[in-house]
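Descriptive analysis of the structure
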Amino acid sequence: MPEKILAQGAEAILIKQGGVVNKKRIEKSYRHPELDKEIIKLRTRHESRILEKAGKEIFVPKIKKVDSNNIEMEFIDGKKLSEFLDGMKKPEQKKILKQFGEDLALLHNSGIIHNDLTTSNMIWSSRKKKLYFIDFGLSFHSNHIEDKAVDLHLLKQALE
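Summarised in this report is the structure supplied together with it. Everything numeric in this text was worked out from a predicted model, so none of it was measured. (Residues numbered from 1 in each chain as written. Predicted model: local features only at pLDDT ≥ 70, side-chain atom pairs only at ≥ 80, totals over all residues. Heavy atoms only, no water.)

1. Describing the packing of helix α2 (residues 90-109) against helix α3 (residues 145-159)
Packing of α2 against α3 brings their axes to within 11 Å, and their N-to-C directions diverge by 155°. Judged by the angle between their axes, α2 and α3 are roughly antiparallel. For α2 against α3, the interelement crossing comes out right-handed. Of the residues in α3, those touching α2 at Phe100, Leu104 and His108 are Lys148, Asp151, Leu152 and Leu155. A breakdown of the residues in the contact of α2 with α3 according to their chemical character gives 4 nonpolar, 1 polar and 2 charged. (Axes fitted to C-alpha atoms, helices over the stretch in contact; angles between N-to-C directions. Helix = DSSP H or I, 4+ residues; strand = E, 2+ residues; numbered from the N terminus. Parallel < 35°, antiparallel > 145°, perpendicular 65-115°, else oblique. Left-handed = near helix turned anticlockwise from the far one by under 90°. Contact = heavy atoms within 4.5 Å. Nonpolar A, V, L, I, M, F, W, Y, C, P; charged D, E, K, R; others polar.)

Shown next, in the form of structure tokens:
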């Protein structure tokens, strides 16, 4: 089955193969190789644990397999919210954003801070009529109100 690069950022590359997406962390040549390997392993494990916990509350891609530098997860067939939110009719926008607010409350109530909350990190599956949160690479656990407020502030900036 052919591979397709979906996205590449500073920390990882997303590769789609069939119904699966592999998030592979990128090695950093400026770090000592042993330290880099350990950092990648820790960040991969951390993100997979948060995804597992978040998946008990909201829709996120289901994890299939995790190794030291790769998270294999289900491919979500849909569009990033950033790609079509502006072009939607108001009632549809309200419905999706209401769902977003409810999901964010569930996420925050479970002590998860996304920390990169933008419309590019949400996928709307029009077929399933579900909103999925993606990219928990910067996420962390916290119950501090300030951390939750930063999540909201980031989203407000993205929407503006």
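2. Observations concerning the sheet that holds strand β6 (residues 79-80)
Spatial strand order, β6-β8-β9: 3 strands in an open sheet with antiparallel pairing. Here the strands that pair on one side only, and so sit at the sheet edges, are β6 and β9 (130-133). Where strand β8 (residues 122-125) and β9 come together, 4 bridges link them in antiparallel fashion. Paired with Met122 across the strands is Phe133, a residue of β9. Against the sheet, α2 makes contact with β8 and β9, and its axis sits at roughly 45° relative to β9, the strand it touches most. (Pairing = 2+ DSSP bridges.)

3. Points about helix α1 (residues 33-54)
Given 3.6 residues per helical turn, the α-helix brings residues three or four places apart onto the same face. Relative to the 32 Å expected for 22 residues at 1.5 Å per residue, α1 spans 31 Å between its end C-alpha atoms, a close match to the ideal helical length. Three or more residues of α1 are buried, namely Asp36, Ile39, Ile40, Thr44, Glu47, Ser48, Ile50, Leu51 and Ala54. The arc that holds every buried residue of α1, seen down its axis, measures 165°, which confines them to one face. Turned more than 90 degrees away from the buried face of α1, the exposed residues are Glu34, Lys37 and Arg49. Each element contacted by the buried residues of α1 is listed here: β3 (20-25), β4 (63-67), β5 (70-74), α2, β7 (112-113) and β10 (140-141). (Expected span 1.5 Å × (residues − 1). Buried < 20%, exposed > 50% of the residue type's maximum accessible area, 1.4 Å probe, protein only. Arc of directions from axis to C-beta.)

4. What to know about the nonpolar core
Counting 25 residues, the largest nonpolar core has Leu81, Phe100, Leu107, Leu131, Phe133 and Phe136 as its most contacted members. Mapped onto this core, the elements with two or more residues apiece are α1, β5, α2, β8 and β9. Looking at this core element by element, the count peaks at 4 residues for α2. (Core = buried A, V, L, I, M, F, W, Y, C linked by side-chain atoms within 4.5 Å.)

5. Re the pairing of strand β2 (residues 12-17)
As defined by bridge partners, strand β1 (residues 3-8) adjoins β2 across 5 bridges and the pair is classed as antiparallel. Across the sheet, Gln8 pairs through a bridge with Ile13, a residue of β2. Hairpin connection, β1 to β2: the antiparallel pair is bridged by 3 residues. The pairing of β2 with β3 spans 6 bridges and is classified as antiparallel. If you follow Ile15 over to β3, its bridge partner there is Asn22. Connecting β2 to the antiparallel partner β3 that follows it, the hairpin turn spans 2 residues, and Gly18 within it adopts a positive phi of roughly 65°.

6. Here's the deal with the sheet that holds β3
Strand pairing within a sheet occurs via backbone hydrogen bonds; the two strands may be parallel or antiparallel. Here 5 strands make up an open sheet; going across it, the order is β1-β2-β3-β5-β4 and the pairing antiparallel. For this open sheet the edge positions go to β1 and β4, each flanked by a neighbour on one side alone. Strand-to-strand twist of the sheet, defined as the mean angle between neighbouring strand axes without regard to direction, takes the value 20°. Where β3 and β5 come together, 5 bridges link them in antiparallel fashion. From the neighbouring strand, Lys23 faces β5, where its bridge partner is Ile71.

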